[in-house]
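What follows is each chain in one-letter form.
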Amino acid sequence: MTLREIISTALLFLLYLILQILLVRNLVLFDYAFCFLYIACILLLPNEIGLTWLLLIAFVTGILVDTFYNTLGMHAAASVLMAYCRPLIVRSQIDVPGLETRIEFSLRELGAGAFFRYVLILALIHHTALFFIEASSLTLLIPTLIRVAASTLFTTVSIVLIQFFTRN
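Given the structure is predicted, the values throughout are model-derived calculations rather than measurements.

A. Region of interest: unusual backbone geometry. Phi is positive for Phe-30, which is not a glycine, with a value near 55 degrees. Positionally, Phe-30 belongs in the loop between β1 (28-29) and β2 (33-34). Residue classification places Phe-30 among the exposed residues on the basis of a relative accessible area of 75%. In the Ramachandran plot, Leu-72 falls in the positive-phi region, its phi being about 55 degrees despite a non-glycine side chain. Judged by its relative accessible area of 80%, Leu-72 falls in the exposed class.

Written out as structure tokens, the structure is:
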């Protein structure tokens, strides 16, 4: 990565975190659908980042969100799980020639279908882990599954819309 790309990625990272902490934190639909825009920080990182750095970035991102949400590591755990699964999802879901080299995870680069599928699957992994850690038992299985589904859809649509309106 060039210095310009690193600075651009860092600024985008900060923007998504600030949006999550200040604005999106209070955005809840019907007490079931929560928007976790901060996962875009991890999803939009370039493919050339190694797994160790990806996991470290996911952990730091999750801890920062946990600090402001007062959730004691739940977001960090879910973010690290999502980051760990990301290379597998990329290899199995995205059919782009030259994937081994350089790819930018954006709506423009991947196309609408592949980008939506990529975000949806990883958001589902993140939200499933997050809400089942929060529930800490299976007694509230149905409400937890509804939260997972509604929040995954809400987060995915939000990230895709932001990509759609900010693409060059």
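B. Quick look at the state of the cysteines. Applying the stated criterion across every chain, the model contains 0 disulfides. Lacking any disulfide linkage, Cys-41 is separated from the closest cysteine sulfur, that of Cys-35, by 12 Å. Its relative accessible area of 6% is what places Cys-41 among the buried residues. Among the cysteines around Cys-85, which has no disulfide bond, Cys-41 carries the closest sulfur, lying 18 Å off. For Cys-85, a relative accessible area of 17% puts it in the buried group.

C. Structural detail: the packing of helix α1 (residues 3-23) against helix α3 (residues 51-69). Contact geometry of α1 with α3 gives a least axis separation of 10 Å together with a crossing angle of 25 degrees. As the angle between them shows, α1 and α3 are arranged roughly parallel. When the axes of α1 and α3 are compared, the crossing they make is right-handed. Here Phe-13, Leu-17, Gln-20 and Ile-21 of α1 lie close against α3, whose contacting residues are Ile-57, Thr-61, Leu-64, Val-65, Phe-68 and Tyr-69. Considered class by class, the residues forming the contact of α1 with α3 number 8 nonpolar, 2 polar and no charged.

D. Summary view of a nonpolar patch on the surface. Among the surface-exposed residues, Leu-3, Ile-6, Ile-7, Leu-11, Leu-14, Ile-18, Leu-22 and Leu-23 lie close enough to one another that they form a single nonpolar patch of about 830 Å² accessible area. Along the chain, the position of Leu-14 falls in helix α1. We classify Leu-14 as partly exposed; its relative accessible area is 45%.

E. Just the confidence of the model for the protein chain, in detail. When the pLDDT values of the protein chain are averaged, the result is 86; 91% of them are 70 or greater. Looking at the elements of the protein chain, mean pLDDT is at its lowest for helix α5 (residues 107-110), recorded as 70, and at its highest for α3, recorded as 92.

Each value, and the rule that gives it
Residues numbered from 1 in each chain as written. Predicted model: local features only at pLDDT ≥ 70, side-chain atom pairs only at ≥ 80, totals over all residues. Heavy atoms only, no water. Helix = DSSP H or I, 4+ residues; strand = E, 2+ residues; numbered from the N terminus. Buried < 20%, exposed > 50% of the residue type's maximum accessible area, 1.4 Å probe, protein only. Disulfide = S-S within 2.5 Å. Axes fitted to C-alpha atoms, helices over the stretch in contact; angles between N-to-C directions. Parallel < 35°, antiparallel > 145°, perpendicular 65-115°, else oblique. Left-handed = near helix turned anticlockwise from the far one by under 90°. Contact = heavy atoms within 4.5 Å. Nonpolar A, V, L, I, M, F, W, Y, C, P; charged D, E, K, R; others polar. Patch = residues over 30% accessible without salt bridge, like charges linked within 9 Å, V, L, I, M, F, W, Y side chains within 5 Å. Areas by Shrake-Rupley, 256 points an atom, 1.4 Å probe, with all protein chains shown as cover. Salt bridge = Lys/Arg side-chain N within 4 Å of Asp/Glu carboxyl O. pLDDT = per-residue confidence, 0-100.

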